[in-house]
Amino acid sequence: MNAPDRFDVFYLPPGSQKMKITPDTKVQNAATFEIFREDHTMGNVIRHKLLQEPQVIFAGYKIPHPLEHNVIIRVQTTNETKPEAMVAKALNDLITEVGYLRAKFMEDLGRARALVIPREQKSMIEQEPQIMQGIQQPTREPTNTSVGGAGGVGVDMDF
Amino acid sequence: MKKSTSKKASTIQDRLEVLQTRVVVERDSVSSISSSDFPFHTNNQYPNHDVLERLRKKIKIAIEKKSQYDMEFDIIGIDASIANALRRIMIAEVPTMAIEKVFIYDNTSIIQDEVLAHRLGLIPIKADPDQFDFKQSTEHPTDQNTIVFKLKQECKRNPKATANDTDPKQLYINHNVYSAALTWEPKGDQAERFKNCFIGPVHDDILIAQMRPGQKIELEAHCEKGCGKEHAKWSPAATASYRLMPEIILKEEITGDLADKFASCFAPGVVEVEKTNVDGESIKVAKVVNPRIDTVSREVLRHKEFEDKVQLTRIRDHFIFRVESTGILDSEKIVFDSLQILSSKCTMLLKALDLKLKEKEEVDTSQKNDNAMDLDV
């Protein structure tokens, strides 16, 4: 009777926002990003990419309630940058990495002779270099990429 | 992929390297699980933090086994979070077509309408999902978002059956309803669009219902596009899983009869006993040949004599993926789509973030303007 709709897992009502950013009132350069209709798939991956950045002091994610399909990511950075810029960089790096994986996968598919590639996928291989070029130029690159500051390893979950 | 996996881990550097790059499987526990690939962790300095540069050095992909609907491939050099994201996407977010709405005109069989509808939903339907749109709940079915199947079957007595027959196959006609009975009814321009591709159940021999003479099923089934997140019937992957590459590190050579005992501790083919000549005498030596097929059963660690000679590990960034398709999509298509979806999800979040930042900027500037006006007054 009061069962949630099945499509609630991924359906975001039109007009509602995908992301909410709340700056921390007590800690400098810290913010929580609430992402609606996402799960561990994106949460964990963004957390990992954030922790790869020397300027990130803390990054963690949690799913506050199993029936609400939202992820909360908390980020704290050094004074050199802002959490928003780091999340943008994390996403850009992720696109680069996945693009690279995709190119590599197609390369190996072409190499493996025993397999049959349907026609439409062959055209995908030909398109690949163009896709890669597009990815190599991230749209948002933070200006400060120097290594330094008191970066460290954050602990995931439960903050 | 054959490489020498036995090496001596004796110096501190070697041991440190094992802890940094391997998950160690011990007799009663698993240790060194978490990745240490973070800046400022131990000796990770990240001097030139160029993402693509690092990827080129680290990442390797090798397809090990491949058939149309089944593949095994290795991804080396990625983090567990990305491997897991890909696995999750393959299972839950790669779209396919499946029966979603069933209009039952007649069902006098003993299987209830709702159970019948559920069984129909779980039948894998071969149709290229890229050719269709998602149907929103408010939208009407069109030839762009719906495939229509009809099923009509009536069970009758077999007039040729003899009085002695007890087998239902002899006694009745049409008493088994198989998935082959679903006939596609092209709507709109579908007949033209899909004249070169097959649309219908992947398997013809899925038993949907059984009937007896006089019973009848007549229905219309509507296929819609969806993904496994909503219901498992849309999942294109029968299994999508990964495991870490096992590695058996020999700290000392194991020779003589011990070598035979050592080899018998592993799955056949993992360790082989070779004969080598030392000072004119032939000696049996255990060699790790194929750690990939090892089950990591830890049997060796139960024997005292091997305690200090062997270390069972798994390589932390070497993922062996196994993807089996339900038959709707080719296995490589599932993997390729999952990569595509992961990157489009990132792009989508990046756009959402940009939007938020722009909103914030607008608010900031308008606040500044307000303050300036206050000063004027």
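Bear in mind the structure is a predicted one, so any value in this text is a computation, not a measurement.

Novice: Sorry, what's going on with the packing of helix α1 (residues 40–51) of chain A against helix α3 (residues 80–92) of chain B here?
Specialist: The description of two helices packed together rests on the angle between their axes and the distance between the axes. The geometry of α1(A) relative to α3(B) is characterised by a closest axis approach of 9 Å and an angle of 165° between their N-to-C directions. In this view, α1(A) runs roughly antiparallel relative to α3(B), as classed from their interaxial angle. Where α1(A) crosses over α3(B), the handedness of that crossing is left-handed. Contacts between α1(A) and α3(B) involve His40(A), Thr41(A), Asn44(A), Val45(A), His48(A) and Lys49(A) on the former and, on the latter, Ser81(B), Ile82(B), Ala85(B), Arg88(B) and Ile89(B). The class makeup of the residues in the contact of α1(A) with α3(B) is 4 nonpolar, 5 polar and 2 charged.

Novice: Can you walk me through the interface of chain A and chain B in this structure?
Specialist: Often, the extent of an interface is quoted as the loss of accessible area upon association of its parts. In this complex, chain A contributes 60 residues to the contact, which on the side of chain B involves 58 residues. Each partner contributes to the roughly 5600 Å² buried at the junction of chain A and chain B, and carbon and sulfur atoms together form 70% of this total. In this structure, the connection of chain A to chain B is made through 5 salt bridges. In this structure, the connection of chain A to chain B is made through 10 residue pairs in polar contact (both at pLDDT 80 or more). Ranked by residue count, the leading element in the side of chain A that touches chain B is helix α2 (residues 83–111) of chain A, at 21 residues.

Novice: Is there a simple way to think about the sheet that holds strand β4 (residues 70–77) of chain A in this case?
Specialist: Strand pairing in a sheet relies on backbone hydrogen bonds, with the paired strands running either antiparallel or parallel. Residue and element names in this part refer to chain A. The strand order across the open sheet formed by 4 strands is β1-β2-β4-β3, and the pairing between neighbours is antiparallel. Among the strands making up the open sheet, the edge pair consists of β1 (19–23) and β3 (56–62). Looking at each pair of strands side by side, their axes are set apart by 15° on average, direction ignored. Across 5 bridges, the pairing between β1 and strand β2 (residues 30–36) is antiparallel. When the sheet's bridge partners are listed, Lys20 is paired in β2 with Glu34. This element, α1, spans β2, β3 and β4 of the sheet and lies at about 170° to β3. Along the sheet, α2 makes contact with β1, β2, β3 and β4, crossing β2 at roughly 50°.

Novice: Whenever I open this one, the layout of surface pockets confuses me. Can you help?
Specialist: In this approach the atoms are scanned with a rolling probe the size of a water molecule, which exposes any empty space left behind. All names here are of chain B. By volume, the second largest pocket is sized at about 1000 Å³. If you list the elements that add at least two residues to the lining of the second largest pocket, you get β5 (96–107), β14 (216–226) and α8 (331–376). For the lining of the second largest pocket, the leading source of residues is α8, giving 4 residues. When grouped by side-chain class, the residues that make up the lining of the second largest pocket number 10 nonpolar, 5 polar and 14 charged.

Novice: What is the right way to read empty space enclosed by the protein from this model?
Specialist: Under the criterion given, the structure shown has 2 cavities of 30 Å³ or more. Computed from the structure, the second largest cavity encloses a volume of approximately 30 Å³. What lines the second largest cavity is simply Phe105(A), Ile61(B), Phe73(B), Ile75(B), Leu86(B), Met90(B), Phe321(B), Val335(B) and Leu339(B). Of all the elements in the fold, those that place two or more residues in the lining of the second largest cavity are β4 (70–76), α3 and α8 of chain B. Of the residues contributing to the lining of the second largest cavity, the split by class is 9 nonpolar, no polar and no charged.

Novice: Mind showing me how you'd approach unusual backbone geometry here?
Specialist: Note: most peptide bonds trans; most residues except glycine with negative phi. All names here are of chain B. One non-glycine residue, Ser32, adopts positive backbone phi at about 55°. Tracing the backbone through its elements, the reader meets Ser32 in the loop between β2 (30–31) and α2 (51–58). Backbone geometry at Asp279 places phi at a positive 50°, although glycine is not the residue there. With respect to the secondary-structure elements, Asp279 resides in the loop between β16 (271–278) and β17 (281–288). We classify Asp279 as exposed; its relative accessible area is 78%.

Novice: What is the right way to look at the environment of Phe38(B) in this model?
Specialist: Tracing the sequence through the fold places Phe38(B) in the loop between β2 and α2. Here the alpha-carbon distance between Phe38(B) and Ala92(B), two residues 54 residues apart in the chain, equals 29 Å.

Novice: Whenever I open this one, the UniProt feature "domain: DNA-directed RNA polymerase RBP11-like dimerisation" (unreviewed entry) in chain A confuses me. Can you help?
Specialist: Here the UniProt-annotated "domain: DNA-directed RNA polymerase RBP11-like dimerisation" (unreviewed entry) positions come out as residues 30–102 of chain A. The span residues 30–102 of chain A is 44% helix and 30% strand, and its two end C-alpha atoms sit 33 Å from each other.

Novice: I would appreciate a short explanation of the side chain of Lys229(B) in the present structure.
Specialist: By the element assignment, Lys229(B) lies in the loop between β14 and β15 (237–250). Contacts of Lys229(B), omitting those with residues within four sequence positions, involve Val9(A), Phe10(A), Asp39(A), Ala92(B), Glu93(B) and Lys345(B).

Novice: How should the packing of α2(A) against α2(B) be read in this particular structure?
Specialist: Contact geometry for α2(A) and α2(B): axes closest at 10 Å, N-to-C directions at 35°. Both α2(A) and α2(B) take part in a crossing whose hand is right-handed. Residues Lys89(A), Asp93(A), Thr96(A), Glu97(A) and Tyr100(A) of α2(A) pack against Val51(B), Leu52(B), Leu55(B) and Arg56(B) of α2(B). When grouped by side-chain class, the residues that make up the contact of α2(A) with α2(B) number 4 nonpolar, 1 polar and 4 charged.

Novice: Teacher, can you tell me more about the UniProt feature "domain: DNA-directed RNA polymerase RpoA/D/Rpb3-type" (unreviewed entry) in chain B here?
Specialist: The feature "domain: DNA-directed RNA polymerase RpoA/D/Rpb3-type" (unreviewed entry), as annotated in UniProt, sits at residues 70–352 of chain B in this numbering. The span residues 70–352 of chain B is 21% helical and 36% strand by assignment, and the distance between its end C-alpha atoms comes to 36 Å.

Novice: Whenever I open this one, the side chain of Ser81(B) confuses me. Can you help?
Specialist: Here Ser81(B) is to be found in helix α3. At 2.9 Å, the side chain of Ser81(B) forms a polar contact with the side chain of Asp79(B). Setting aside anything within four residues of it in sequence, one finds Ser81(B) in contact with Asn44(A), Val45(A) and His48(A).

Novice: For this particular structure, what's the right way to read the environment of Gly228(B)?
Specialist: All names here are of chain B. Relative to the helices and strands, Gly228 resides in the loop between β14 and β15. Sequence spacing of Gly228 and Glu93 is 135 residues, and the spatial spacing of their C-alpha atoms is 5.8 Å. In contact with Gly228, other than residues within four places in its own chain, are Ile91, Ala92, Trp234 and Ser235.

Novice: Please clarify how the confidence of the model for chain B should be interpreted in this entry.
Specialist: As a note on interpretation, predicted positions should not be read in detail where pLDDT is low. Residue and element names in this part refer to chain B. Of all residues in chain B, 94% attain a pLDDT of 70 or more, and the chain-wide mean is 91. In the model, residues 1–6 has pLDDT below 50 throughout and makes 12 contacts with residues more than four positions away in sequence or in other chains. Model confidence for the complex: the whole-complex pTM is 0.85, and ipTM, which rates the interface, is 0.87.

Novice: I tried to follow the sheet that holds β5(B) on my own but got confused; where do I start?
Specialist: Residue and element names in this part refer to chain B. The 4 strands lie next to each other as β5-β14-β7-β11, forming an open sheet whose pairing is antiparallel. Each having just a single partner strand, β5 and β11 (183–185) make up the two edges of the open sheet. For this sheet the average axis-to-axis angle between neighbouring strands, irrespective of direction, equals 30°. For strand β7 (residues 147–154) and β11, the ladder comprises 3 bridges, and the chain directions are antiparallel. Each bridged residue has a counterpart across the sheet, and for Val148 the counterpart in β11 is Glu185. Of the strands in this sheet, β5, β7 and β14 touch helix α4 (residues 113–121), which is tilted by about 150° from β5.

What counts, and where the lines are drawn
Residues numbered from 1 in each chain as written. Chains lettered and ligands numbered in written order. Predicted model: local features only at pLDDT ≥ 70, side-chain atom pairs only at ≥ 80, totals over all residues. Heavy atoms only, no water. Axes fitted to C-alpha atoms, helices over the stretch in contact; angles between N-to-C directions. Helix = DSSP H or I, 4+ residues; strand = E, 2+ residues; numbered from the N terminus. Parallel < 35°, antiparallel > 145°, perpendicular 65-115°, else oblique. Left-handed = near helix turned anticlockwise from the far one by under 90°. Contact = heavy atoms within 4.5 Å. Nonpolar A, V, L, I, M, F, W, Y, C, P; charged D, E, K, R; others polar. Buried area = accessible area lost by both parts, 1.4 Å probe. Salt bridge = Lys/Arg side-chain N within 4 Å of Asp/Glu carboxyl O. Polar contact = N/O pair within 3.5 Å; in protein donor to acceptor, adjacent residues only side chain to side chain. Pairing = 2+ DSSP bridges. 1 Å grid on protein atoms, 1.4 Å probe; cavity = no way out; pocket = protein on both sides within 12 Å on 5 of 7 lines; lining within 4 Å. Points joined across faces, edges and corners; volume = space filled by probe spheres on them. Buried < 20%, exposed > 50% of the residue type's maximum accessible area, 1.4 Å probe, protein only. UniProt positions renumbered as here; feature names shortened; annotations may be inferred. pLDDT = per-residue confidence, 0-100.

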